[in-house]
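Each chain is listed here by its residues.
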Amino acid sequence: MSFVEKYLTIENEETFEVKIQRSLFIGIIKPLETNPSDILKEVKENYKNATHYCYAYRKVTGDEYFSDGGEPTGTAGIPILNALREKDLYNIIGIVVRYFGGIKLGVRGLIDAYHFTMEKTIEKAKIVEKIVTVNYRIKATYKDFPNIKRELIKNFSCEIDENFGEDVVLEVKVPISLKEEFREYISKRGVEIEEYRE
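Within every chain, residues take consecutive numbers counted from 1 along the sequence as written. For this predicted model, a pLDDT threshold of at least 70 governs which residues receive local features, and a threshold of 80 or more governs which side-chain atom pairs are given and counted, while totals over whole chains, interfaces and linings are taken from all residues. With hydrogens and water stripped out, all remaining heavy atoms of the structure feed into the side-chain values.

Asker: Would you mind showing me how to read the pattern of salt bridges here?
Answerer: Pairing is possible between side chains of opposite charge, provided their charged atoms come close. Only one rule defines a salt bridge in this text: a Lys or Arg side-chain nitrogen within 4 Å of an Asp or Glu carboxyl oxygen. Tallied over the entire structure, the rule returns 16 salt bridges. Of the charged contacts in the structure, one is a salt bridge between Lys149 and Glu162, with a shortest N-O distance of 2.4 Å. One end of the pair, Lys149, is in helix H4 (residues 145–156); the other, Glu162, is in strand E9 (residues 159–164), with 13 residues separating them in the sequence. One salt-bridge network, held together by shared partners, links Glu13, Lys30 and Glu42. A run of H or I in DSSP counts as a helix once it spans at least four residues, and a run of E counts as a strand once it spans at least two, with each numbered from the N terminus.

Spelled out as structure tokens, the structure:
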């Protein structure tokens, strides 16, 4: 994926349930804010004894991944991923939990069921636009902190978290389009800066 400044994602987790030929399909979508395996573990705890846990995710970095969760190859993960692609959503994970109801759906039936479940789950969600940011930690003295914070908000539209210890450590999310200006500004201020990934 080429360089992007903005992307579409969902605001909050959503779920959708549907019965298809006696099997229960439960669609779940979540913003991808933690490790995908942690999210999957949580879903498995919430929906115990399901027959299949199939999923796909997309990151704004361009990374994509899918798993058929034990269903025949190509019948679950790809249909879920395609539903995410069709809405151009990033930093999102889509999971479909299946409780088998005794009737086999066949390859085409499975593809349709998984795609339909994820499509309907996405329809329930509120889609929002987010700005791609670069994360920095800045160490400032208590004396400099108020001015630095005020100038950062004014000049760079940053989100800022503050941690107070011996010095003040600011965790700053800077829009990627302002990254170079931001680094130049900070270097002139002579404060400690470190880029980090969440």
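Asker: Sorry if this is basic, but what is going on with the environment of Tyr142 here?
Answerer: Within the element layout of this structure, Tyr142 appears in the loop between strand E8 (133–140) and H4. Here the term buried applies to any residue with accessible area under 20% of the maximum for its type, exposed to any over 50%, and partly exposed to those in between, with areas from a 1.4 Å probe on protein chains only. Given the relative accessible area of 42%, Tyr142 is considered partly exposed. For Tyr142 and Gly27, which are 115 residues apart along the polypeptide, the C-alpha to C-alpha distance reads 48 Å. Residue contacts are defined here by distance: any two heavy atoms, one from each residue, within 4.5 Å place the two residues in contact. In this structure Tyr142 touches Phe164, Gly165, Glu166, Asp167 and Val168, once residues within four positions along its chain are discounted. Distance and chemistry together define a polar contact, namely a pair of N or O atoms within 3.5 Å, with one atom able to donate a hydrogen and the other to accept it when in protein, and with adjacent residues in sequence counting only for side-chain atoms on both sides. There is a polar contact of 2.8 Å between the side chain of Tyr142 and the backbone oxygen of Gly165.

Asker: Explanation requested: the packing of helix H2 (residues 77–86) against helix H3 (residues 106–124) in the structure shown.
Answerer: For any two helices packed against each other, one specifies the crossing angle of their axes together with the interaxial distance. Running from N to C, H2 and H3 point in directions that differ by 35°, and their axes come no closer than 8 Å. The handedness of the crossing between H2 and H3 is right-handed. In this structure, H2 uses Pro79, Ile80, Asn82, Ala83, Leu84 and Glu86 to contact H3, whose residues at the interface are Ile111, Tyr114, His115, Met118, Glu119 and Ile122. Working convention: axes come from line fits to C-alpha atoms, limited for helices to the stretch in contact. Angles between N-to-C directions cover 0 to 180 degrees. Crossing handedness: left-handed means the near helix sits turned counterclockwise from the far one by under a right angle, and right-handed means the same turn made clockwise.

Asker: What is the right way to look at the sheet that holds strand E5 (residues 64–67) in this model?
Answerer: Paired through backbone hydrogen bonds, the strands of a sheet run either parallel or antiparallel to each other. In this analysis, strands are considered paired if DSSP registers two or more bridges between them. Read from one edge of the open sheet, five strands run E2-E3-E6-E4-E5, paired in antiparallel fashion. Each edge of the sheet is formed by a strand with only one pairing partner; in this case those strands are strand E2 (14–20) and E5. Adjacent strand axes in the sheet meet at a mean angle of 15° when their direction is disregarded. Pairing of strand E4 (residues 52–58) with strand E6 (residues 92–99), which is carried by seven bridges, proceeds in the antiparallel orientation. Its bridge partner being in E6, Tyr53 is matched across the sheet by Val97. Strands strand E3 (23–31), E4, E5 and E6 of the sheet are contacted by H2, whose axis makes an angle of about 35° with E4.

Asker: I would appreciate a short explanation of the pairing of E4 in the present structure.
Answerer: When a strand is regular, its side chains alternate between the sheet's two faces. In terms of residue burial, E4 counts as a mostly covered element, since seven of its seven residues are buried. Neither face of E4 is open: one carries His52, Cys54, Ala56 and Arg58, the other Tyr53, Tyr55 and Tyr57, and all of them are buried. Where E4 and E5 come together, four bridges link them in antiparallel fashion. Counterpart to Tyr55 in the pairing with E5 is Ser67.

Asker: What's the story with the packing of aromatic side chains in this structure? I'm lost.
Answerer: Both the distance between ring centres and the angle between the ring planes are used here to describe each pair of aromatic rings. The criterion for an aromatic pair is that two Phe, Tyr or Trp rings (for Trp, the six-membered ring) have centres within 6.5 Å, with stacked assigned to planes under 30 degrees apart, edge-to-face to planes over 60 apart and tilted to the rest. In total, this model carries nine aromatic pairs according to the counting rule given. An angle of 85° between the planes, with centres 5.4 Å apart, marks the rings of Phe156 and Phe182 as edge-to-face. Taken together, the residues Phe156 in helix H4 and Phe182 in helix H5 (residues 179–189) connect sequence positions 26 residues apart. Accessibility classification places Phe156 together with Phe182 in one group, the buried group. An angle of 55° between the planes, with centres 5.5 Å apart, marks the rings of Phe156 and Tyr185 as tilted. Placement of the pair is Phe156 in helix H4 and Tyr185 in helix H5, with a sequence separation of 29 residues. The buried category is assigned to Phe156, whose relative accessible area is 4%. Should the NZ of a Lys or the CZ of an Arg lie within 6 Å of a ring centre and within 35 degrees of the ring normal, that charge is described as sitting over the ring. Directly above the ring of Tyr90 sits Arg58, whose terminal nitrogen or CZ lies 4.3 Å from the centroid.

Asker: Would you take a moment to explain the sheet that holds strand E11 (residues 192–196) for this structure?
Answerer: Reading across the sheet, the four strands line up as E9-E10-E8-E11 and stay open at both edges, with antiparallel pairing between neighbours. What marks the edges here is a single partner per strand, and that holds for E9 and E11. Within the sheet, the average angular offset between the axes of one strand and its neighbour, ignoring direction, is 20°. Sheet topology note: the E8/E11 ladder contains five bridges and is antiparallel. When the sheet's bridge partners are listed, Asn135 is paired in E11 with Tyr196.

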